[in-house]
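# Understanding the architecture of this molecule
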Amino acid sequence: MSNQQIAELFRNVAAAYSIKDERKYYFQIIAYHRAADAIDNSTTEIKDLFDQKSLQSLPGVGTSIKSHIEELLKTGKVSRFKWVFENIPEAVFPLLKIPSFGPKRAYKLVKTFGLGNPESVVDDLEKIAKENKISPLAGFGEKSQNDILRAIKEYKEGKSKQRRMTLPFAAELAKKITDFLIEDPNVLQVSALGSLRRMVSTIGDIDIAVASNNSEKVINHFVSYPYKERIIEKGNSSASILISGGYQVDLMVQPVKSFGSLLQHFTGSKDHNIHLRELAIKKGLSLSEKGIKKIKDPKAGLATYSTEKDFYNALGLDLIPPEMRENTGEIELAAKHKLPRLIELSDIKGDLHLHSNFSIEPSHDLGQSSMQDMLNKAVKLKYEYLGFSEHNPSVSKHNDNQCYEILKKRDEKIEQIKSNIKSVRIIKLLEVDILASGELSLSEKSLALLDGAIVSIHSAFNLNKEQMTERVLNGLSNPKAKILAHPTGRLINERQGYDLDWEKIFEFCQKHNKALEINSWPNRLDLPDNIVRRAVTSGIKLVINTDSHAAYQMGLMEYGVSVARRGWAKKSDIINTLSYNEFMKWLKN
Ligand code: DGT
Ligand code: CA
Ligand code: CA
Ligand code: ZN
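Thresholds applied
Residues numbered from 1 in each chain as written. Chains lettered and ligands numbered in written order. Predicted model: local features only at pLDDT ≥ 70, side-chain atom pairs only at ≥ 80, totals over all residues. Heavy atoms only, no water. Helix = DSSP H or I, 4+ residues; strand = E, 2+ residues; numbered from the N terminus. Rg over C-alpha atoms; globule rule 2.2 N^0.38 Å. Buried < 20%, exposed > 50% of the residue type's maximum accessible area, 1.4 Å probe, protein only. Contact = heavy atoms within 4.5 Å. Areas by Shrake-Rupley, 256 points an atom, 1.4 Å probe, with all protein chains shown as cover. Lys, Arg positive; Asp, Glu negative; His and termini not counted. Charge placed at Lys NZ, Arg CZ, Asp CG, Glu CD. Near = heavy atom within 4 Å. Polar contact = N/O pair within 3.5 Å; in protein donor to acceptor, adjacent residues only side chain to side chain. Nonpolar A, V, L, I, M, F, W, Y, C, P; charged D, E, K, R; others polar. Domains from an automatic or database assignment. Phe/Tyr/Trp six-rings, centres within 6.5 Å; stacked < 30°, edge-to-face > 60°. Pairing = 2+ DSSP bridges. Donors = N, O, S within 2.8 Å, 3.2 Å for Na, K, Ca; no water. Tetrahedral: all angles 85-135°; square planar, octahedral: opposite > 155°, others 65-115°. Patch = residues over 30% accessible without salt bridge, like charges linked within 9 Å, V, L, I, M, F, W, Y side chains within 5 Å. Salt bridge = Lys/Arg side-chain N within 4 Å of Asp/Glu carboxyl O. Core = buried A, V, L, I, M, F, W, Y, C linked by side-chain atoms within 4.5 Å. 1 Å grid on protein atoms, 1.4 Å probe; cavity = no way out; pocket = protein on both sides within 12 Å on 5 of 7 lines; lining within 4 Å. Points joined across faces, edges and corners; volume = space filled by probe spheres on them. Expected span 1.5 Å × (residues − 1).

## Focus on the overall build of the protein
Along the backbone of the protein there are 24 helices and 18 strands. Relative to the compact-globule value of 25 Å for 589 residues, the protein shows a C-alpha radius of gyration of 27 Å, a close match. Each of the three principal axes of the protein carries a C-alpha extent, and together these read 75 × 60 × 50 Å. Looking at the protein as a whole, 52% of its 589 residues are labelled buried. Contacts spanning at least 24 positions in sequence make up 67% of the contacts within the protein whose residues lie at least 6 apart. Here the protein has roughly 27200 Å² of accessible surface; of this, 49% comes from carbon and sulfur atoms. Side-chain charges of the protein comprise 84 positive and 74 negative groups, with the mean position of each set lying 4 Å from the other.

Encoded structure:
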């Protein structure tokens, strides 16, 4: 079961308790919500935690929920939940995915109208609302009937509670709003925070902090954002709006002298903040977005911090990079002044996964930019080298010899370009398919034309974990194969990755000097950050590539670097921080 499925089950359990008796089961409801949040936010698969007997490391998971998770993973179900879900029609649960639908109202509607089909319940309810049958119900009325219709409409347009943005999309949205905000002279500083600043691979909503001495004016300006759909909430120092496309934007305002503590608070993560607050309490301090207070001496007043560094230092901690703030050990390291020095974008010396438009007649997509355009871009990015790695020529359309001839032509083309450009070195790579059998899709003769091969999986995704691991290791065992590209094959919001036995993969990479790719493509970000962290701990070498199919996409490197940073990778973990000569030495070894 995936983390998402377990979290959804727990949210349904909480909903079922609410329907049974909200007061009586108050603590259960809170506990299941908290556990669901923790599982959603976990950077590790629950299944792996279970295997490693470290479920207790999940924040907010007590002994009874822990034993339920164990039962669930062992047997596929939890006997206690049979009672919890008793007498609650299944059709209630799909309704809970619709924004603004609480469990009790969903239950009442399902019962009243005898809605029995979970598949069609949303459509059925919409029809009932359109027929004006909801407004006469006690506790509903015309307004709530309209709210229900709007919520269903928004839900059908894709504005479900679950939908999350990709990173570059959220970054662009946040930039539009911060650009709008600074038009107000009362806005002295502005910063996008939350999961966007932590560079989580998907973003739920946009959080923005402003430093100002006139929060009222700033908030009035904010809620007049031209692409606003409606105001969700408006207070003295914070507000939330819904903007076109159904995205939520939260704003918090504090004076300049408190901006450091606001940055810290609103960057999160929630778990990081909770741990930080526990640590503060031990020191007799209480934290907020405004600053730090002494618990026993309230008259002493509020200590304020204009920078985040001062705020962390006041707690005896070093400044923690936002990408690490997930409460997975970073606070302990900051207290011991032992935080790792994370890789930075400027450490990257080359991009090795690039698809030019050289007509290689591939089985998958050809690039759009010429080799020359990609080289020019590499010069702009101040790279020392780049690797062309188009897909191998389609093996269903060409025999071995034809593949070889095409690659020979590419080789000549590269040699010709090499003689014209001196500032960037070119490495002859290729993205070669690992077939379902584990064999590479090119003959040894063709492979011999390359400096090295990037290998990856683009077909037969349905093999099980053992078969997939075997297949990958087979592919990687060719001496030319040095890098495994987008190792899990996941596509964010589209396809779950295949399962690999990471311990086996790591062991193999370690022994045979192979690297795993962090693919920077926004809906891949693959390896995922949690597996990067495990790879780094095991001493595995990584390479950060963009997989660009056009020169302008080479700028996506920053997103791959952010994944590496979220996995606590240092410069020394990433092989494309090496100089050209060192890199070639690794490649040929
Ligand atoms: P998202 O929006 O789902 O991608 O994730 P975040 O991390 O941006 O979460 P969000 O937008 O709910 O809240 C932004 C930050 O505000 C969060 O990372 C930490 C802080 N925050 C929100 N709620 C709480 C809370 O209940 N307690 C504490 N200590 N901090 C909170
Ligand atoms: Ca957020
Ligand atoms: Ca938020
Ligand atoms: Zn590719």
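## Let's talk about the site of ligand 1
Taken together, 16 residues lie around ligand 1, and R164, S195, G204, D205 and R277 are the ones closest in. Taking T267, its main chain carries an N or O atom lying 3.5 Å from an oxygen atom of ligand 1. For ligand 1, whose accessible area on its own is 600 Å², the fraction buried by protein is 71%. Those elements that provide at least two residues to the shell around ligand 1 are α11 (194–198), α13 (259–267) and α14 (270–282). By residue class, the composition of the shell around ligand 1 is 2 nonpolar, 8 polar and 6 charged. For the shell around ligand 1, the two domains that each supply at least three residues are domain 2 (165–254) and domain 3 (259–335).

## Considering the packing of aromatic side chains
Under the counting rule described, the total for this entry stands at 19 aromatic pairs. Consider the rings of F10 and Y32, whose centres lie 5.4 Å apart with planes at 85°: the pair is edge-to-face. With F10 in helix α1 (residues 3–21) and Y32 in helix α2 (residues 26–41), this pair connects stretches of sequence that are 22 residues apart. In this structure F10 comes out as buried when scored by relative accessible area, which is 0%.

## Side note on the sheet that holds strand β8 (residues 285–287)
Taking strand neighbours across the sheet as the criterion, the 3 strands line up as β8-β9-β10 in an open arrangement whose pairing is antiparallel. Taken across any chain shown, the strands that pair with only one partner, and hence form the sheet edges, are β8 and β10 (302–303).

## With respect to the coordination of the calcium ion (ligand 2)
Bound to the calcium ion (ligand 2) on the protein side are D205 (O), D205 (OD) and D207 (OD), at distances that span 2.2 to 2.7 Å. Around the calcium ion (ligand 2) sit 6 donor atoms, and with donor-metal-donor angles ranging over 67 to 165° the site reads as irregular. In this structure the calcium ion (ligand 3) is found 3.6 Å away from the calcium ion (ligand 2), and D205 serves as a bridging donor for the pair. Here D207 falls in the buried class, since its relative accessible area comes to 9%.

## Some thoughts on a nonpolar patch on the surface
Together, Y26, F27 and I30 make up an exposed nonpolar region whose accessible area comes to about 340 Å². By the secondary structure assignment, F27 is in helix α2.

## What about the domain arrangement of the protein?
For the protein, the assigned domains are domain 1 (3–156), domain 2 (165–254), domain 3 (259–335) and domain 4 (345–588). Averaged C-alpha coordinates put domain 1 and domain 3 at centres separated by 34 Å.

## Side note on the coordination of the calcium ion (ligand 3)
Tetrahedral coordination by four donors puts the ideal angle at the metal at 109.5 degrees, and octahedral coordination by six puts it at 90 or 180 degrees. Every protein donor of the calcium ion (ligand 3) is listed here as D205 (OD), D205 (OD), D207 (OD) and D250 (OD), and their distances to the metal cover 2.3 to 2.7 Å. Read from N- to C-terminus, the donor residues coordinating the calcium ion (ligand 3) fall into the pattern D-x1-D-x42-D.

## Quick notes on the nonpolar core
Membership of the largest hydrophobic core comes to 94 residues, with the highest contact counts inside it found for F222, L251, F388, L516 and L542. Counting residues per element, this core draws most heavily on helix α10 (residues 167–181), at 7 residues. Built from parts of two domains, this core gets at least three residues from each of domain 2 (165–254) and domain 4 (345–588). The contacts of L251, once residues within four sequence positions are left out, are L181, I208, V210, V218, I219, F222, S237, S238, A239 and F266. Listed in part, the 53 residues of the second largest apolar core include L58, A91, L109 and A151.

## Quick notes on unusual backbone geometry
For the peptide bond that leads from G268 to S269, omega is 0°, which places it in the cis range. The peptide bond linking D526 to L527 adopts the cis configuration, its omega dihedral lying at 10°. Counting through the fold element by element, L527 comes out in the loop between β17 (515–519) and α22 (529–537). In the Ramachandran plot, M199 falls in the positive-phi region, its phi being about 60° despite a non-glycine side chain. Inspection of the secondary structure puts M199 in the loop between α11 and β3 (202–203).

## Comments concerning the environment of F50
Looking at the secondary structure, you find F50 in helix α3 (residues 46–51). Beyond its immediate stretch of four places on either side in the chain, F50 contacts L55, E70, L73 and K74.

## Structural notes on the layout of surface pockets
One number sums up the size of the second largest pocket: a volume of about 250 Å³. What lines the second largest pocket is a set of 16 residues, among which D365, H391, R524, D547 and H549 lie closest to the centre. Its residues placed into classes, the lining of the second largest pocket shows 2 nonpolar, 10 polar and 4 charged.

## Some thoughts on helix α20 (residues 465–476)
With 12 residues, α20 extends 16 Å between its outermost C-alpha atoms, agreeing within 8% with the 16 Å of an ideal straight helix rising 1.5 Å per residue. Within α20, burial applies to M468, T469, R471, V472, L473, G475 and L476. Of the surrounding secondary structure, the elements contacted by the buried residues of α20 are β15 (453–456), β16 (481–484) and α21 (502–512). Structurally, the start of α20 carries an N-cap: the backbone nitrogen of E466 is 3.1 Å from a side-chain oxygen of N464.

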